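Chain residues, written in single-letter form:
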Amino acid sequence: MEGEEARAVRAPLRRSRVREWDVLRSMAFAAVVLQHLLGACAQRSGLGPAGQAFCAAAFEPLRFAVPMFVFLFGCSLFYANPQGVRYGAYLKKRLFELALPYAVWTVIYMRFMERPIGPRALLRSLLLGEGGYHLWYVVMILQFVVLTPVFFWVKKQAGAHPVAAMAVLLLLWLLYLGVTPHWDGGGLAGAVFYRHRSLVFLSWIGFFALGVLCGACRERFSHWTKRLFPLTGLIYGGSVVWAAYWSVRGAVEQGAVNFSRVGFLNPDYALFTLCGLLFWYECARRLAGWDGFARLCAFVGAHSYEAYLAHVLILTKASMFLDAHWSGMQLPRFYIILTAAALLGSVLLGWLIDSAVKALRAQWKRRGKDETNLPRGL
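Treat the numbers as computed from the prediction; the structure is a model and nothing was measured.

The rules behind these values
- Residues numbered from 1 in each chain as written.
- Predicted model: local features only at pLDDT ≥ 70, side-chain atom pairs only at ≥ 80, totals over all residues.
- Heavy atoms only, no water.
- Helix = DSSP H or I, 4+ residues; strand = E, 2+ residues; numbered from the N terminus.
- Rg over C-alpha atoms; globule rule 2.2 N^0.38 Å.
- Buried < 20%, exposed > 50% of the residue type's maximum accessible area, 1.4 Å probe, protein only.
- 1 Å grid on protein atoms, 1.4 Å probe; cavity = no way out; pocket = protein on both sides within 12 Å on 5 of 7 lines; lining within 4 Å.
- Points joined across faces, edges and corners; volume = space filled by probe spheres on them.
- Salt bridge = Lys/Arg side-chain N within 4 Å of Asp/Glu carboxyl O.
- pLDDT = per-residue confidence, 0-100.
- Contact = heavy atoms within 4.5 Å.
- Polar contact = N/O pair within 3.5 Å; in protein donor to acceptor, adjacent residues only side chain to side chain.
- Patch = residues over 30% accessible without salt bridge, like charges linked within 9 Å, V, L, I, M, F, W, Y side chains within 5 Å.
- Areas by Shrake-Rupley, 256 points an atom, 1.4 Å probe, with all protein chains shown as cover.
- Phe/Tyr/Trp six-rings, centres within 6.5 Å; stacked < 30°, edge-to-face > 60°.
- Lys NZ or Arg CZ within 6 Å of the ring centre and 35° of its normal.
- Disulfide = S-S within 2.5 Å.
- Axes fitted to C-alpha atoms, helices over the stretch in contact; angles between N-to-C directions.
- Parallel < 35°, antiparallel > 145°, perpendicular 65-115°, else oblique.
- Left-handed = near helix turned anticlockwise from the far one by under 90°.
- Nonpolar A, V, L, I, M, F, W, Y, C, P; charged D, E, K, R; others polar.

Points about the overall build of the protein chain
Helix and strand content of the protein chain: 17 helices and zero strands. Relative to the globule expectation of 21 Å for 378 residues, the C-alpha radius of gyration of the protein chain, 22 Å, shows essentially globular dimensions. Counting only C-alpha atoms, the protein chain reaches 75 × 55 × 55 Å along its principal axes. Burial statistics for the protein chain: of 378 residues in total, 44% are counted as buried.

Here it is, written out as structure tokens:
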């Protein structure tokens, strides 16, 4: 009986969807697509200084996307599982939902880019997220999945002092972000903490921890984002202007756009990004009051993972099609059409894939039930 009670306590709760989280997930997905559009536009020949300056400046308000995804992962994990998870069942479910599609899309992108798919090349691509330039995110988020029991243990140790624990964690995180750029030695440590530091979950733990705080104390979190909204808006707005200035200045001086000139893995800008997450959270909470918009975001949010995996393929194919058939099109019109095609095509393809997987799983379950109901001996 005690084992059954423990399993019941650790079973995920069926809570209602949080509408502002759907809005945030949709915003983050759209921001990722726009980032990659700006990246492609910045490399276009004949763009000119004005175009480069526009790409550099427009990128900065969109930089919140990946931190927002990490934040939302922490939110949903601790909102649906306040008492912890049954690790085996949780890991199996997450590997099916996250790792399996990631592996399939890695092969798809390697074939699309005409790269050799030998065992060694495939293993490296899977471990380092090199199948496509956006797939590194999945490698990073899977580390949070695997280490889920550790995070619940830390939350348990924090007890009745989650804010104090959050403050200590943030200080350690900022110290880590400040040290790792100088850890450029060789060996495994240099590879993990310097060359591939964006792949390591520790580089993102502050955004995840803020999500944990939100998921565990959602009402209080919403209360404080509302109270701090003017302050977080000023800080975040100022940081975006500051980052845009440095990005534009770099583009003018170098004659090319460098989106890495400012980054949210720098300690100072990481703090600004945390303020940005609080600011966007309150914006999403207000936008979620519009029923039609909230329903649209619920649809996009439900299929955002598959859409994220697919969007680079849709973006590339749509760009090739437009270049082939309307090569003389003006750039503003070209990118407006390409943006619409990438967003709509990715979400629709994500919906089709999710619907097909859901139908196959339902059929598999029905088949399993039919087989268990067969008379013995058949």
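A word on empty space enclosed by the protein
Tallied over the full model, the rule gives one cavity of 30 Å³ or more. Considered as a void within the structure, the largest cavity measures approximately 40 Å³ in volume. What lines the largest cavity is simply Glu60, Arg63, Phe64, Tyr236, Tyr269 and Thr273.

Thoughts on the pattern of salt bridges
For the structure shown, the criterion picks out 13 salt bridges. Across the pair arginine 218 and glutamate 219 runs a salt bridge, and its minimum N-O distance is 3.4 Å. Residues glutamate 282 and arginine 286 are paired through a salt bridge, measuring 2.8 Å at the closest nitrogen-oxygen approach. Highlighted residues: glutamate 282 and arginine 286, both in helix α14 (residues 267-287), separated by four residues, approximately one helical turn. Arginine 286 gets classed as partly exposed once you look at its relative accessible area, which sits at 45%. Counted as one network, the salt bridges with shared partners bring together Arg17, Asp22 and Arg25.

Examining the confidence of the model for the protein chain
Residues at a pLDDT of 70 or more form 90% of the protein chain, whose mean pLDDT is 87. Of all helices and strands in the protein chain, the one with the weakest mean pLDDT is helix α1 (residues 2-10) (45), whereas helix α7 (residues 136-146) scores best (96). Across residues 1-9, confidence stays below pLDDT 50; counting only partners more than four residues off in sequence or on other chains, it has two contacts. Confidence drops under pLDDT 50 across residues 371-378; counting only partners more than four residues distant or on other chains, this segment forms zero contacts.

Some points on the side chain of glutamate 60
Turning to its location among the elements, glutamate 60 is positioned in the loop between α3 (48-59) and α4 (65-80). Side chain to side chain, glutamate 60 and serine 247 meet in a polar contact 2.7 Å long. Apart from the residues lying within four places of it in its own chain, the contact partners of glutamate 60 are Val240, Ala243, Ala244, Ser247 and Tyr269.

Side note on the environment of serine 76
Here serine 76 lies in helix α4. Overall, serine 76 belongs to the partly exposed group, its relative accessible area being 24%. As a C-alpha pair, serine 76 and aspartate 323 span 247 residues in sequence and 41 Å in three-dimensional space.

Comments concerning a nonpolar patch on the surface
Taken together, the side chains of Phe96, Leu100, Val104, Ile108 and Val357 present a nonpolar region at the surface, about 370 Å² in accessible area. Sorting elements by how many residues they give to the nonpolar patch places helix α5 (residues 87-112) first, with four residues. Along the chain, valine 357 falls in helix α17 (residues 331-372).

As for the packing of aromatic side chains
Summed over all chains, the structure comprises 32 aromatic pairs. Ring geometry for phenylalanine 73 against phenylalanine 208: centres 6.3 Å apart, planes inclined by 35°, an arrangement best described as tilted. Placement of phenylalanine 73 in helix α4 and of phenylalanine 208 in helix α11 (residues 205-216) is noted, with a sequence separation of 135 residues between them. Classification of phenylalanine 208 as buried rests on a relative accessible area of 2%. Ring plane angle 70° and centroid distance 5.5 Å describe the contact between tyrosine 245 and tryptophan 246, whose orientation is recorded as edge-to-face. Ring pairs connect the aromatic residues Phe69, Trp136, Tyr137, Trp173, Trp204, Phe207 and Tyr308, which therefore count as one cluster. The ring of phenylalanine 334 is capped by arginine 44, whose NZ or CZ atom sits 4.8 Å from the centre of that ring.

Notes on the state of the cysteines
A covalent bond between the sulfur atoms of two cysteines is referred to as a disulfide. The final tally for this structure, using the stated rule, is zero disulfides. The cysteine cysteine 283 is free of any disulfide, with cysteine 297 supplying the nearest cysteine sulfur at 13 Å. Residue classification places cysteine 283 among the buried positions, given a relative accessible area of 16%. A relative accessible area of 4% means that cysteine 297 is categorised as buried.

Thoughts on the packing of α5 against helix α6 (residues 119-128)
In the contact formed by α5 and α6, the axes pass within 10 Å of each other and the chain directions differ by 125°. The orientation of α5 with respect to α6, classified from their angle, is oblique. Remark: the crossing between α5 and α6 carries right-handed chirality. Contacts between α5 and α6 involve Tyr102, Ala103, Thr106, Val107 and Met110 from the first element and Ala121, Leu122, Ser125, Leu126 and Leu127 from the second. Residue classes in the contact of α5 with α6 are distributed as eight nonpolar, two polar and no charged.

Observations concerning the layout of surface pockets
One way to see where empty space is left: roll a probe the size of a water molecule over the atoms. Looking at the second largest pocket, its volume works out to about 660 Å³. Residue lining of the second largest pocket: 23 residues in total, with Arg63, Trp136, Phe259, Ser260 and Phe264 positioned closest to the centre. Of all the elements in the fold, those that place two or more residues in the lining of the second largest pocket are α2 (19-42) and α10 (187-195). By residue number, the principal contributor to the lining of the second largest pocket is α2, which donates three residues. A class-by-class count of the residues in the lining of the second largest pocket yields twelve nonpolar, eight polar and three charged.

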